[in-house]
Structure formats: C-alpha cells, structure tokens
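This is what each chain is made of:
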Amino acid sequence: MSRRGPVERTPQQAARRLVLIRVIVVLTAVLGVNYVAWRWLFSVHWGAWWIAVPLVIAETYSLVDSLLFGLTMWRLKDRGAAPPPPPDVTVDVFITSYNEPVEMVMRTARAAKAIRYPHETWVLDDGNREEMRLACEAEGVGWITRSSAWTDRPRHAKAGNLNNALLATEGEFLLILDADQVPLPEILDHTLGFFTDEQMALVQTPQWFVNVPESDPLGSQAPLFYGPIQQGKDGWNAAFFCGSNAVIRREALMQLGVSGYVGEVEVGVHRALRTGRRIVTEARRSLERDPSPHDNAAQVAAALDKILYDIGRARRELARGVALFDVTYRFQRRLASIRRELVAADLHALRSDLAIVAELEGLAADPDERLATVDEAVLEQLAQREWSPLGAVETVQALVDAVDVDRAAEAQPIMPLATISVTEDMATCMRLHSLGWRSAYHDEVLAHGLAPEDVQTMMTQRLRWAQGTVQVMFRENPLRQRRLSVPQRLMYFATMWSYLSGFAAVVYIAAPVIYLLFGILPVQAISTDFFIRLVPFLIVNQLLFWVVADGRPTWRGQQYSLALFPVWIKSFTSAFGNVFLGRTLDFAVTPKVRREDDGGRPWHLVKPQLVAMGLLAGSGVIGLVRLLAFDQGSPLGVYLNLFWVAFDLVIFSVVISAVRYRGFQPAGQPVEQPGEAAPEPRPTAPLPAVRRPVPTHRGERR
Amino acid sequence: MMELDVRTDERGVGVVVPRGRLNMVSARSLRDALDTLVNDGTHRIVVDLAETTFMDSSGLGALIAGLKTARQAGGDLRIARPTPAVTTVFELTNLDKVLRPRESAEAAFDD
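Not measured: the values here are computed from a predicted model.

1. Considering the UniProt feature "transmembrane region" (unreviewed entry) in chain A
Residues and elements named next belong to chain A.
For step 1, the next point in the chain: In the numbering used here, UniProt assigns the "transmembrane region" (unreviewed entry) feature to residues 20-41, 47-69, 490-518, 530-549, 610-630 and 636-659.
For step 2, the next point in the chain: Structurally, residues 490-518 comprises 93% helix and 0% strand, and the distance from its first C-alpha atom to its last is 40 Å.
For step 3, the next point in the chain: For residues 610-630, the helix share is 100%, the strand share is 0%, and the end-to-end C-alpha distance is 29 Å.

2. Let's talk about the pairing of strand β2 (residues 120-125) of chain A
Residue and element names in this part refer to chain A.
For step 1, the next point in the chain: Along β2, five of the six residues are buried, which leaves the element largely enclosed by surrounding structure.
For step 2, the next point in the chain: By the bridge criterion, six bridges tie strand β1 (residues 91-97) to β2 in an arrangement that is parallel. Paired with Asp-92 across the two strands is Glu-120, which belongs to β2.
For step 3, the next point in the chain: This β-α-β element, β1 to helix α3 (residues 102-113) to β2, shows right-handed connectivity.
For step 4, the next point in the chain: In the sheet, β2 pairs with strand β3 (residues 142-144) via three bridges, with the strands oriented parallel. Bridge assignment links Leu-124 to a residue of β3, and that residue is Ile-144.

3. Thoughts on the interface of chain B and chain A
For step 1, the next point in the chain: Counting from both sides, the interface comprises 22 residues of chain B and, opposite them, 25 residues of chain A.
For step 2, the next point in the chain: For the side of chain B that touches chain A, the secondary structure elements donating two or more residues are α2 (57-72) and α4 (95-98) of chain B.
For step 3, the next point in the chain: Looking at the side of chain B that touches chain A, its residues break down into 10 nonpolar, six polar and six charged.

4. Remarks on helix α16 (residues 501-518) of chain A
All names here are of chain A.
For step 1, the next point in the chain: With 18 residues, α16 extends 26 Å between its outermost C-alpha atoms, agreeing within 8% with the 26 Å of an ideal straight helix rising 1.5 Å per residue.
For step 2, the next point in the chain: For α16, the complete set of buried residues consists of Ser-501, Gly-502, Ala-504, Ala-505, Tyr-508, Ile-509, Ala-511, Pro-512, Val-513, Tyr-515 and Leu-516.
For step 3, the next point in the chain: Positive backbone phi, at 75°, marks Gly-519, one or two positions downstream of α16.

5. Describing the confidence of the model for chain B
Any segment with low pLDDT has predicted coordinates that should not be analysed in fine detail.
For step 1, the next point in the chain: In this model, chain B carries a mean pLDDT of 93, and residues with pLDDT of at least 70 account for 100%.
For step 2, the next point in the chain: Confidence, expressed as mean pLDDT per element, reaches its minimum in chain B at α4(B) with 91 and its maximum at strand β3 (residues 44-48) of chain B with 96.

6. Quick notes on the nonpolar core
Looking at soluble globular proteins, one finds that nonpolar side chains tend to be buried together.
Residue and element names in this part refer to chain A.
For step 1, the next point in the chain: Among the nonpolar cores identified, the biggest contains 187 residues, and Phe-94, Ile-95, Leu-175 and Ile-248 are the most heavily contacted of them.
For step 2, the next point in the chain: Counting residues per element, this core draws most heavily on helix α7 (residues 250-289), which supplies 15 residues.
For step 3, the next point in the chain: Residues from two domains meet in this core; each of domain 1 (13-74 + 500-563 + 596-660) and domain 2 (258-402) gives at least three.
For step 4, the next point in the chain: Not counting the four nearest positions on each side in its chain, Phe-94 is found in contact with Trp-122, Leu-124, Leu-162, Ala-165, Leu-174, Leu-175, Ile-176 and Leu-177.
For step 5, the next point in the chain: Ile-21, Phe-69, Met-73 and Leu-76 belong to the second-largest nonpolar core, a separate cluster that totals 15 residues.

7. Focus: helix α13 (residues 424-434) of chain A
Side chains that are three or four residues apart share a direction in an α-helix, a result of its 3.6 residues per turn.
All names here are of chain A.
For step 1, the next point in the chain: Of all the 11 residues making up α13, 10 are buried; the element is thus mostly covered by neighbouring parts of the structure.
For step 2, the next point in the chain: Regarding α13, the residues found buried are Glu-424, Asp-425, Met-426, Ala-427, Thr-428, Cys-429, Met-430, Arg-431, Leu-432 and His-433.
For step 3, the next point in the chain: Elements that come into contact with the buried residues of α13 comprise α5 (157-166), β6 (200-204), α7, β8 (438-441), α14 (455-475) and α15 (486-498).
For step 4, the next point in the chain: After α13 finishes, the residue Gly-436 shows a positive phi value of roughly 95°.

8. Concerning the pairing of β6(A)
Residues and elements named next belong to chain A.
For step 1, the next point in the chain: With respect to burial, β6 is a largely interior element, four of its five residues being buried.
For step 2, the next point in the chain: Of the strand pairs in this sheet, β6 and β8 are connected by four bridges, and their pairing is parallel. Within β8, the residue paired with Gln-204 across the bridge is Tyr-441.
For step 3, the next point in the chain: By the bridge criterion, three bridges tie β6 to strand β7 (residues 246-249) in an arrangement that is antiparallel. Across the sheet, the residue bridging to Gln-204 is Ala-246, located in β7.

9. Considering the sheet that holds β7(A)
Sheets are built from strands that pair by backbone hydrogen bonding, the pairs being arranged parallel or antiparallel.
Residues and elements named next belong to chain A.
For step 1, the next point in the chain: Pairing is mixed in the open sheet, where seven strands are placed in the order β3-β2-β1-β4-β7-β6-β8. Edge strands, defined here as strands with exactly one partner in the open sheet, are β3 and β8. Averaged over all adjacent pairs, the angle separating strand axes in this sheet is 25°, with direction ignored.
For step 2, the next point in the chain: Bridge count between strand β4 (residues 173-178) and β7: four bridges; the pairing is antiparallel. Bridge pairing in β7 places Leu-175 opposite Val-247.
For step 3, the next point in the chain: Sitting on the sheet, α7 is in contact with β4, β6 and β7, with an inclination near 65° to β7.

10. Here we look at the UniProt feature "domain: STAS" (unreviewed entry) in chain B
For step 1, the next point in the chain: According to UniProt, the positions carrying the feature "domain: STAS" (unreviewed entry) are residues 12-111 of chain B.
For step 2, the next point in the chain: In residues 12-111 of chain B, helix accounts for 42% and strand for 23%; the two terminal C-alpha atoms are 15 Å from one another.

Rules of the game
- Residues numbered from 1 in each chain as written.
- Chains lettered and ligands numbered in written order.
- Predicted model: local features only at pLDDT ≥ 70, side-chain atom pairs only at ≥ 80, totals over all residues.
- UniProt positions renumbered as here; feature names shortened; annotations may be inferred.
- Helix = DSSP H or I, 4+ residues; strand = E, 2+ residues; numbered from the N terminus.
- Buried ≥ 20, exposed ≤ 12 C-beta atoms within 10 Å, placed from the backbone.
- Pairing = 2+ DSSP bridges.
- Right-handed = clockwise from strand over helix to strand, strands pointing away.
- Contact = placed C-beta atoms within 7 Å.
- Nonpolar A, V, L, I, M, F, W, Y, C, P; charged D, E, K, R; others polar.
- Expected span 1.5 Å × (residues − 1).
- pLDDT = per-residue confidence, 0-100.
- Core = buried A, V, L, I, M, F, W, Y, C linked by C-beta atoms within 7 Å.
- Domains from an automatic or database assignment.
- Axes fitted to C-alpha atoms, helices over the stretch in contact; angles between N-to-C directions.

Structure follows, in structure tokens:
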C-alpha cells in the first residue's frame, strides 16, 4: 500500500479549504451545543435517571470531544515542503533498541547510515549485547550502552536510554528512530530546514507502517492523527512528539534537563526539610515524655534542638531567597558536625538504631520515581515512626542526602527526557512547550515502520499508549500548566479527554439494550424535536471528518475508538492506581515476536466486546418480538434503537476481523526499501512486533 | 573552541577557567576535567567564568555533573564572575536562583 506525500495546494486552495473547515466547525459547535442543551434542559427522563443521566453525560462528553476536535481543526497548518536544510549543522541519529533481533536493528542502522545529510549514526543498545556491538562495529556505526552510573538505579526505559546517549554525544540535532523505523535517505534534508527558526525544538514526521494490508484490520495506521490532527495541533504550536521519526534540537532538551533538575531539587529539598522538622520535633517530644534509657539524654536533647534550629534557619533562608545550593551546603555541614559530636560522645547504646537507619537510607535513596515525585506517603511514614534521638538525626541526614542537589538516587542529575510516564514523549513535549519552544509537524512519510501483527500485541500497545497519556494527565495536568497558552493546554487535554471514551461507550451500549429489553426510554420522548436537533449535528460532525480527512481512511479509527473500550477503561483505572495509590501499572509484558499460530484464535482477548455484541443482538431480537408479537413499545422507539444496535454491531465487528487476522502477507507487491533497487525479502523469522509507546490518538480519531 | 585552565591554589581549592565557547562540543572536556580534579582529591572547586564567551545548556549540564561529583566527595563546586551572556543562560533555566555566582575565584570559598 502507499501513502502520498504532502498534498500540494496553492495558498488560495489552502485558504479556501480552511474557510470551509471553519464554517463546518462553527456549524458543528452550534448544532451540538443546541442539541445537548436541549437534552439537559428539556428531554432527560428523570424518572429513569439511572440510565437517563449517564446517557446525557455521555452525550455531553461526546460534544466536548467534538468541540475539542473542532478547535484542533480551526488552525489546520499545512507546512508543505520543508525549507532547504542549513549547510553545516551536526546531527546524531539515535536508534533505540532494547531486545529486538540484531538483524532488524541493523537494517534500520544501515538505512540510517545511508541518510544523505552528514551525520553520525548510533545504536542505543539497552540490551547491552555483545553481538549487537560486533554488528555495529562491522557496519561502522556507533554503539552506546548505559554508563556505569545506571547500575542499581532506576533505568527509566527508553527515556533513560536516550538521556544516557545525550551525554555521550554532541550533535546539535538528534534524529530519534525506533529500532523498526527504517528511515529514507532524505529524512534530514526534509526536516532540518525548519530549524532555521531558532525557537524550533522539534520536528515530528509520520509513523507509517509497511506491514499493514490496505484493510488495516488492527487499525495500525493513524492517517487522521499523522495528518490533520497533528497539523491542527501544529497550528496552535502544539504538534506532539511521538517518540520516533522526530528531529530534536539538543539545546532545547538540555535546557529542559537543567530546568527540570532545578525544579526537582527545589521541591525535594523543601519537602525533606519539612518532613525532617516533623521527625525531629516528634523525637524531641518523646525524649521529654519518657525518661531516656540512655545516659546522654541531655546531650541528645541539645543536639536535637540545634538540628531544629538549623532546619528552621534553612527554611527561613530559602524563603528569603538565599541560593538553595548554599543553604543545603551549610545545612549539611552543620548537621554533619552535630552528628560527629553525638558519635564522639560514644553513644554505643544507640548502635541498634543505626541498623534501622541503614534500611531507611536505602528506602529514601531508591525511589522508583524522580525525586520530586517521591510519594508524600513514604515521607509521612518516616515521620510517623517512633524514633530514638540519634535515629532522628540519621534520618534527617538520610532524607537530606536523598533530595540533595546531587540527586544521588538517579544515574544522572540531568534527565532531559521526562520520566514521569511510560510515554516519555508527550510529557517531554509538553515541558518543551512550557519553556517557550516551538514544534512542527511535517506531513511526509520519511520512515517505514513495522506494526504489530496480532491482536494481543496491538491491544497491549494501545493500552500502554493510553496508560502513558493518562499518567501524564494525572501527574502534570495540561490544564494547570500556566506557561502553556490556553489553546496549547486544550490540545494536550483533547488527547487525554479522548481516552475517556471507554466509559461513554459502555453507556452507548447499555441505553439501547435497556430500552429494547425493558422499554425504558432515557429521553422523554422520541419526538420530532429530537430528530431535528440530533440528526443535523451528526451529519455536520461526519462532514467535518470527511472534509479534514480529505480522502484518508477514517472508518477504522472510528471503529477502534469505541471497540477498544475495555482497553481505555483499564488504562484509566490502572493509571489512577499507579499515580494515586502507588501501584504498578501492571500491564502484561509486550510479546516480543508475533505469536506462533497454534490453530486457536485469541477470542478471550475481546470477551467484553463479544459479550456486548451478544447483548446488543439479543436485545434487538427481544425488542422486535416485544413489538411485533406483544405490541409493546413504540415502533419508532424500537426501530430507532434497532438502528442504533446495528450501528454498534458494525463498529464492534472490527474486533472479529482483528482476532481472525493472521499477520501480514505481502500481496505480491514488493516492499519498497530505501536505497535498494531490488525488493528485500521479508525476514523469515517471525516478524518482531515490539513497539514502543507513543502517546495520542488510540485507535485513531483525535 | 574552548581552552581549559586547571590549577589548584594554595588553599587546596581547584580553579577551573574555561576560555571561549562552553557548548555541547566542549562540555565533555569540562566534565572530564572536573571529574579528574575530584578523583585526585581536590573536592572544593571554583569554575571561573570570566573568560567564557558563550555557554549553552550542555555547559550548564557539565557544571551540574561536576557539582554532583564534588558534593558526593564531601566538597562543593562554585562559580565565579559569569559574563552577562552566561548569566542569561543561567536565568533561562532558573539555575541562577539556586547557584549563586561569587565575585572572584579567590573569595569563592570564603563563606
């Protein structure tokens, strides 16, 4: 299959198209608000509130989704051909790899080496494999593995891999490629030109997959996202970074790393001082309450008083604006001398405390998160424990150490790529925009990738994207990022909002089933009013899709955005548990290679969808019988709901073809390889389908 | 390009003077120089920026890496005499709020 390059439009054509789009956007908004307002004010069947209210909420959700989509399209920006590249910038090409087959990585590496613009190619081998090193050597490309600093520290997956490589290289620009994204020779020539704008931090190009048939049964291609949606976001200076096939300005990332470091250290030190004060105060009180078993109680009490004084002084100094590094340095030295005095007093009776403290130090120094996201609950726990005095001293030291300016718990103090989410790209991009950098989306396929070829891998991948996006929403809600413009906030929020569709889908399934089975109508009446308000809205909504898609297929994406509803719901519940309850995200490990055919089909993966389809079909039959045989229910109501059921069934039918899909069989046409005249045969080994999370667009749609 | 002067003064304070452009290309040599100093037992270091004509965020990254190494060895890293151009880079990342420049390399460890 193919995908055309940038659509050539004259400025007049582009302007006319934008006017048309805006007219439809306004129409959609007016008709949509009109409908939903009428629903809330005049047509909720309050008697059946338990279905009526969820339905009207779901409809409101869809309206907001539609308004956000309209806002995205409002400034659709078609950048056309890229400006010529600057003649003499330095570029590093990074190929990120974890455990993909060496041959597959080397295929990408060879293509990367063949990129025309002068550059250096590096394989970022997180697997640290000897055979990969040899292959890189033989091919003449660089091989980077984690430095020793990462031993026993949080590795932060792909973000960590990139952060490590950033400190080992020095090119002004970075092209980031997943191991299975084979670049075309012109990829740098067609992207570097955008960086003549000195505030441009990032140019993203589409991810497009060659091992996907025209029918795209797994919804792998995202023609609407890598197209109008990114172009629309671009119009608001909010084009997203999607993890691969993007060129980034090193200076922007490093600036992000440094300012992130400053922020984390500030938050961490304040928190440590606050908690430290609580611990020491507690210890001081317990010393007064119970006569100390030790002989040196008075000396200990004096030391605690000194520490309390120093904590207070440090906090006051910080509040006054004294440079944080000076404050922590003095504080630590004073604490160290107090500690020395205590130890010198030969408080051997307290040795047992030190053993407990050692454990605590381990706890404090090994947060799985970045320091600023250290769980407040963990610190609370420290504060709540009963401490003997020297124990308190050591705990304060441990806490201050853990959040000191050296960020000892992390391999590098500077972490340019965000590590707050399993999808590092979206959070990183949002922070870049917060710092005032610009991004661009260039709508030209410049790399050929591989997509998952079985339904399980596909679903695991979508779940991870969704989880990552929701994690970012919970941790760094874009609506609260004061340094983003309001439209930028909304562009990020729109993507997050779209993942809520799982909950709406449940209501959209339940409503017709309940009517057809029990005759309970969530609206007051299926009146002319209802049709007059709803139908035009639905029509312009689809019209907007049709116009912006401009010939690109959108149906598969629309199907998946509803049909994967259990995945979206799970992404919310698991990310909520992760962010607020400290649980692991708990996703199944992504299968690394395509599952071998074992004859059976993995129907169990889509059980919720099959149950929903059964319910819909069954209630349709029962509703029809009720109407025809028993004259129950209004014909209009039944037929309308039957139509609704049929629509849902067509949507959900996509999971059946997905489960039945046996993987890609090239239909005779050679897979075009960059830089090679002869078509390369498809690898004989099962095609690795490991994918890295990118944010956004779920089964597509917005 | 950047030249790097490294010396240890009579009080045992390491003085590092980067001359020229401290950018993504030269940052690594500064990082290495700071590492070497600390490993050789000089834990208090001042980086004198009076002759640094240009600095980018990679340069800041090298300073922070040096600060980390020095602090972990029980010492400290301080900066002195940044030029206005360099100060701007500090301000862009808020680093100026936490790392106070000293008026001279000699007085950097007076407090």
